[in-house]
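Chains, contacts and geometry: an overview
Here are the chains, one letter per residue:
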Amino acid sequence: MQRLRNVSIIFHVAATVRFDEDLKTSLLLNTRGAYEMVKLAQGLTNVKAFVHVSTTYAHPNITELEEKIYPPYADWRTMIKMAETYDVETLNILCRKIAPNHPNSYTFTKSLAEHIINDHRDKFPVVILRPSIVISSYEEPIPGWIDNFNGPMGMLVACGTGIMRTSYSNPNIHPDIIAVDMCAKALIVAAFKLGTRTAKIPDNHLEIYNCCHSSKRHLTTGDIIDLGKKNILKVPFEKCIWLPEGSMTSCWLWHYYRFITSQILPAIFFDSLLAVAGQKPLFFRLHRRLESTTDILKVFLNTEFSFLNDNFRALENIIQKPERSTFNFLGYCDCDMEEYYLNATRGAKEFLLKEKPEPSKGAHLRMRIFRVLHYTIQFMGAFYIARYLLRLLLGYVKSKTL
């Protein structure tokens, strides 16, 4: 506290962003963590701006989200007390009862944290910034930079390596995806606006910014998958084990047919080879994790959300001309998305898979071999199925004529 006594700007960004986190851990980190930061800020005398980072998915039962505070799903004080009192198993059992509108502990605990901020809005200058789905950088520190497998990037890598080949989700949904540097710049500008404000803020007012694409979204999830498959052929992963040729489908029967035939059976085959070679089985466990992840994300992959962001767009207007080139954050919304996702693929290759950003000749050669094998197997499978059905049909016709 002695070292922090002169702090004037606080960015509260820390959180557990795992959607499968147990409720106890999420409450302690995301909800109680926000309260601890509020108490810290109240103990400082020079705070000019407190920027709290939430998420546009803090209210998943609201498909058109405005830049305002919504009624609480539970009392944050009670929930913190429960997390400090009860064990993990008990809270996980109660989770569905306590938060029926939330698909996971992350969105629930982040919504509680918003109310902690709202209840202390008159104690110090504070704003809430709600990013949507944050992925690879647009420009800074370099195009395509990323440091985690969370959300869509984990699925991109799984598809790009040929491991994940099907997803039970709506390919026509327009996901709200933003670049990490767009979010970082918006945080700085929001803090600047709040810290330099001279007009008195009304006691009951809390400024909220939905940091998102909003109406500028054009790509569907299906479009993004197609772009990913196109980019992987240009920048193949060294760790690719088969041709990336998966897709999304809203037909559960077709999804589970492809899941069993193109993911589970090959996983069993490859794990058998690893076992024979004396190695630890890997692929079946990996597919189980992927299926668990997609099940957690199904609400977001099958729901069309609309986030209103007039406050957020107006935020850029306060940037002075000499600094626009540095702090302009809406440029991402109008960028060439094909180039952006190509850079994102290179970034995943370099920073997540720890490979060189430019593929080797061997990677291109393997991709050509996988393509020939993939379509040859598909053709042979279709040929034998068609021949079998034709024989059945001819046998039926012949039996009728006799």
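Looking at an unreviewed UniProt entry, one finds the protein chain named Fatty acyl-CoA reductase, with Musca domestica as its source organism. Checking UniProt for the protein chain, the heading Sequence similarities (unreviewed entry) contains the comment "Belongs to the fatty acyl-CoA reductase family." In its Catalytic activity (unreviewed entry) section, UniProt records this for the protein chain: "a long-chain fatty acyl-CoA + 2 NADPH + 2 H(+) = a long-chain primary fatty alcohol + 2 NADP(+) + CoA".

**Regarding the overall build of the protein chain**
When its secondary structure is counted, the protein chain shows 13 helices and ten strands. With the C-alpha coordinates of the protein chain rotated into their principal frame, the extents come out at 95 × 50 × 50 Å. Taken across its 402 residues, the protein chain has 44% of its residues classed as buried. At a minimum sequence separation of 6, the contacts of the protein chain that also span at least 24 residues come to 83%. On the protein chain, roughly 21200 Å² of surface is accessible, and the fraction owed to carbon and sulfur atoms is 59%. Taking the average place of the 48 positive charges on the side chains of the protein chain and the average place of its 39 negative ones, the gap between the two points comes to 6 Å.

**Looking at the nonpolar core**
Core analysis: the largest hydrophobic core is formed by 44 residues, its most contacted members being Leu129, Met182, Phe312, Phe329, Tyr332, Tyr340 and Tyr341. No other element matches helix α6 (residues 180–195), which puts eight residues into this core. Each residue touching Tyr340, except ones within four places of it in the same chain, is listed here: Ile135, Ser136, Ser137, Tyr138, Ile178, Ala179, Tyr332 and Cys335. With 29 residues, the next largest nonpolar core counts Ala74, Ile80, Leu91 and Ile117 among its residues.

**Quick notes on the sheet that holds strand β8 (residues 207–211)**
The parallel open sheet is built from four strands, whose spatial order is β1-β2-β4-β8. Taken across any chain shown, the strands that pair with only one partner, and hence form the sheet edges, are β1 (9–12) and β8. Between one strand axis and the next, the sheet turns through 15° on average, direction left out of account. Pairing of strand β2 (residues 49–53) with strand β4 (residues 126–131), which is carried by four bridges, proceeds in the parallel orientation. Bridge pairing links Val53 to Leu129 in β4.

**Considerations on the packing of aromatic side chains**
All told, the structure shown has 19 aromatic pairs when counted by the stated rule. Both rings, one in Trp254 and one in Tyr257, keep their centres 5.5 Å apart while their planes meet at 20°; by these two values the pair is stacked. On the criterion of helical spacing, the pair formed by Trp254 and Tyr257 is a turn pair, its members being three residues apart in helix α8 (residues 252–276). Ring centres of Phe312 and Phe329 lie 4.9 Å apart, and the angle between their planes is 35°; this geometry places the pair in the tilted category. Of this pair, Phe312 sits in helix α10 (residues 310–315) while Phe329 is found in the loop between α11 (321–327) and α12 (337–352), placing the two residues 17 residues apart along the sequence. An identical accessibility class is assigned to Phe312 and Phe329; each is buried. Taken together, Phe19, Tyr57, Tyr106, Phe300, Phe305 and Phe307 form an aromatic cluster joined through their ring pairs.

**Some thoughts on a nonpolar patch on the surface**
Judged by side-chain polarity, Leu390, Leu393, Leu394, Tyr396 and Val397 come together as a nonpolar surface patch covering roughly 510 Å² of accessible area. Along the chain, the position of Leu393 falls in helix α13 (residues 361–401).

**Remarks on the side chain of Thr55**
Structurally, Thr55 can be placed in the loop between β2 and β3 (64–65). Residue classification places Thr55 among the buried residues on the basis of a relative accessible area of 3%. When sequence neighbours within four positions are dropped, the list of residues in contact with Thr55 reads Tyr106, Lys110, Glu114, Arg130 and Pro131.

**Here we look at the environment of Pro143**
Topologically, Pro143 is positioned in the loop between β5 (133–135) and α5 (152–160). Owing to a relative accessible area of 41%, Pro143 belongs among the partly exposed residues under this scheme. Sequence-wise, Pro143 and Asn343 are 200 residues apart; in three dimensions their C-alpha atoms are separated by 5.9 Å. Setting aside anything within four residues of it in sequence, one finds Pro143 in contact with Ser137, Tyr138 and Asn343.

Conventions adopted
Residues numbered from 1 in each chain as written. Predicted model: local features only at pLDDT ≥ 70, side-chain atom pairs only at ≥ 80, totals over all residues. Heavy atoms only, no water. UniProt positions renumbered as here; feature names shortened; annotations may be inferred. Helix = DSSP H or I, 4+ residues; strand = E, 2+ residues; numbered from the N terminus. Buried < 20%, exposed > 50% of the residue type's maximum accessible area, 1.4 Å probe, protein only. Contact = heavy atoms within 4.5 Å. Areas by Shrake-Rupley, 256 points an atom, 1.4 Å probe, with all protein chains shown as cover. Lys, Arg positive; Asp, Glu negative; His and termini not counted. Charge placed at Lys NZ, Arg CZ, Asp CG, Glu CD. Core = buried A, V, L, I, M, F, W, Y, C linked by side-chain atoms within 4.5 Å. Pairing = 2+ DSSP bridges. Axes fitted to C-alpha atoms, helices over the stretch in contact; angles between N-to-C directions. Phe/Tyr/Trp six-rings, centres within 6.5 Å; stacked < 30°, edge-to-face > 60°. Patch = residues over 30% accessible without salt bridge, like charges linked within 9 Å, V, L, I, M, F, W, Y side chains within 5 Å. Salt bridge = Lys/Arg side-chain N within 4 Å of Asp/Glu carboxyl O.

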